Amino acid sequence: MFELIRFALEKITSGISWAIDHRRVGKDREVGAALLGLFERMQDVYVVGLRIVDELESYTNDELPPDANNIGNERLADLLREQFENVAGLVDAIERSRRVISTFDADLFAEIAPLLDRKSGLLMRLLQEGRLSQRSSTFIFYLDHATIENLASTGISQAFRRQLSVEVNNLRRDEVRDITRPTAIDRDRLDALMRDRPIRKEIEHIRDIARQFHDRLAVAFDLKAIRQHS
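Each value, and the rule that gives it
- Residues numbered from 1 in each chain as written.
- Predicted model: local features only at pLDDT ≥ 70, side-chain atom pairs only at ≥ 80, totals over all residues.
- Heavy atoms only, no water.
- Axes fitted to C-alpha atoms, helices over the stretch in contact; angles between N-to-C directions.
- Helix = DSSP H or I, 4+ residues; strand = E, 2+ residues; numbered from the N terminus.
- Left-handed = near helix turned anticlockwise from the far one by under 90°.
- Contact = heavy atoms within 4.5 Å.
- Nonpolar A, V, L, I, M, F, W, Y, C, P; charged D, E, K, R; others polar.
- pLDDT = per-residue confidence, 0-100.
- Phe/Tyr/Trp six-rings, centres within 6.5 Å; stacked < 30°, edge-to-face > 60°.
- Buried < 20%, exposed > 50% of the residue type's maximum accessible area, 1.4 Å probe, protein only.
- Core = buried A, V, L, I, M, F, W, Y, C linked by side-chain atoms within 4.5 Å.
- Salt bridge = Lys/Arg side-chain N within 4 Å of Asp/Glu carboxyl O.

Undergrad: For this particular structure, what's the right way to read the packing of helix 5 (residues 122–132) against helix 8 (residues 158–173)?
TA: The axes of two packed helices give the description: the angle between them and the distance between them. Helix 8 packs onto helix 5 with a crossing angle of 35° between their chain directions and a minimal axis gap of 12 Å. For the pair helix 5 and helix 8, the crossing hand works out as right-handed. Facing helix 5, whose interface residues are L122, R125, E129 and L132, helix 8 presents F160, L164, S165, V168 and R172. The class makeup of the residues in the contact of helix 5 with helix 8 is five nonpolar, one polar and three charged.

This is the structure:
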């Protein structure tokens, strides 16, 4: 999840910053409101994301007493539900931002269609995974950097869809179906995933992108006025 979101936000905010510099969008309050909304959804994702990682790191600790694990079950389940809603909100905010920016530059995001396409794009497929099971390891550990970069470099096509299906099926083959109630074998798999995927760093990168994006917006727009009229 987090590496895909980081990758997408890096591309999207880079394009938006270019539009602010070259398409005179900084005076448009509707654009400012949409972009401020995008920043706020980024915040939601990384704040809850860090809480999920904290929970996973303590939750996979075999030294915790059983009753602590039961508490962790419910807390982690609540966080995963909240994060699914956050990701859905982020995707909506990205779409709204793309829509308002496209009035100034219709082709700005054409090259990252594999990320943003409303039917087959990677972000929409992430949401589909969340709808299937917010508690599965596939939702949290969705696609690594190399896979995302490879898919994002390919236009939307039958080959793209086939390759994405293969990658997701590979994840599902070894997934932990419910990370809030892992068996002993599941716990070993989670430990391995946490070692292999630096998801805390992925989330921290999202935080850094959000902060830089906010700084860029603060220069281009009167954010105080936008907040007052929202």
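Undergrad: Explain the confidence of the model for the chain to me, please; I cannot follow it from the model alone.
TA: Interpretation of the predicted coordinates at a detailed level should be avoided for regions scoring low in pLDDT. Scored by pLDDT, the chain comes out at a mean of 87, with 91% of its residues at no less than 70. The lowest-confidence element of the chain is helix 3 (residues 66–102), averaging 84 in pLDDT; the highest-confidence one is helix 10 (residues 199–220), averaging 94.

Undergrad: I'm lost on the packing of aromatic side chains in this one. Help?
TA: The description of an aromatic ring pair uses the distance of the two centres, along with the angle that the planes make with each other. Counted according to the given criterion, the structure contains one aromatic pair. Arranged with centres 6.3 Å apart and planes meeting at 55°, the rings of F84 and F139 form a pair that is tilted. One end of the pair, F84, is in helix 3; the other, F139, is in helix 6 (residues 137–140), with 55 residues separating them in the sequence. With relative accessibility at 9%, the residue F84 sits in the buried group. By relative accessible area, F139 is classed as buried at 0%.

Undergrad: Help me out: how do you make sense of the nonpolar core in this one?
TA: Across soluble globular proteins, nonpolar side chains show a tendency to be buried alongside one another. Counting 72 residues, the largest nonpolar core has L38 and I140 as the members making the most contacts within it. With residues up to four places along the chain from it excluded, the contact list for L38 reads L9, I12, I16, L90, A93, I94, S97 and F213.

Undergrad: Help me understand the pattern of salt bridges, please; the structure alone is not making it clear to me.
TA: Close approach of charged atoms allows side chains with opposite charge to pair. For the coordinates displayed, the defined rule picks out 16 salt bridges. R98 serves as the salt-bridge partner of E95, at 2.8 Å between the closest nitrogen and oxygen. Here E95 and its partner R98 are both found in helix 3, three residues apart, which amounts to about one turn of the helix. The partner of R207 in a salt bridge is D208, and the shortest N-O contact between them spans 3.4 Å. One network of salt bridges, in which partners are shared, links E3, R6 and E10.

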